[in-house]
Amino acid sequence: QVQLVESGGGLVQPGGSLRLSCAASGFTFSRSAMRWYRQAPGKGRELVAGITAAGGSTNYADSVKGRFTISRDNDKKTAYLQMNSLKPEDTAVYYCNALTDWGNFYWGQGTQVTVSS
């Protein structure tokens, strides 16, 4: 059974930091590209960051470049999103996503991030 379980969300003040985790099981994590998406109230889901299966390449949305860092630990089957210098506009539900080498697409249940004073 495939599972992606996000954790680490919460309420943080502007300028603060959070680290999201995505624990994977049920598929070959080390052969899967991982991505983080987010969806703010009333808006569509947008790609925030992605990392290749081996972790050698990353990409970011312009809105988070220089503030967010995606990483992964294939031994722990976990992907991370370090979020620094958070802004109110970063408030959203953050979703972990996996794209396997077989072309399967999996989603986590999401974790809420709220940036507010």
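Structure shown above.
Residues numbered from 1 in each chain as written. Predicted model: local features only at pLDDT ≥ 70, side-chain atom pairs only at ≥ 80, totals over all residues. Heavy atoms only, no water.

> How would you sum up the pattern of salt bridges? Please name residues and give values.
With the rule as written, the count across this model stands at 4 salt bridges. As a salt-bridge pair, Lys65 and Asp62 come within 3.2 Å of each other at their nearest N and O atoms. Judged on exposure class, the residue Lys65 and its partner Asp62 are both exposed. By sharing partners, the salt bridges in this structure join Arg38, Glu46, Arg67 and Asp90 into a single network. (Salt bridge = Lys/Arg side-chain N within 4 Å of Asp/Glu carboxyl O. Buried < 20%, exposed > 50% of the residue type's maximum accessible area, 1.4 Å probe, protein only.)

> Account for the side chain of Arg38, with residues named and values stated.
Relative to the elements of secondary structure, Arg38 occurs in strand β4 (residues 33-39). The class of Arg38 is buried, set by a relative accessible area of 6%. A polar contact of 3.4 Å, which involves the side chain of Arg38, links it to the side chain of Ser63. Of the polar contacts made by the side chain of Arg38, one reaches the side chain of Asp90; its length is 2.9 Å. Residues in contact with Arg38, not counting those within four places in the same chain, are Gly44, Arg45, Glu46, Val48, Ser63, Val64, Phe68, Glu89, Asp90, Ala92, Val93 and Tyr94. (Helix = DSSP H or I, 4+ residues; strand = E, 2+ residues; numbered from the N terminus. Polar contact = N/O pair within 3.5 Å; in protein donor to acceptor, adjacent residues only side chain to side chain. Contact = heavy atoms within 4.5 Å.)

> Before we move on, can you summarise the state of the cysteines with the specific residues and values?
Here the structure, examined in full by the defined rule, presents 1 disulfide. Cys22 shares a disulfide with Cys96; S-S distance 2.0 Å. Measuring the twist about the S-S bond at about -80 degrees, one finds the Cys22-Cys96 disulfide to be left-handed. Of this pair, Cys22 sits in strand β3 (residues 18-25) while Cys96 sits in strand β9 (residues 92-99), and the two are 74 residues apart along the sequence. Comparing Cys22 with Cys96 shows no difference in burial state: the two are buried. (Disulfide = S-S within 2.5 Å.)

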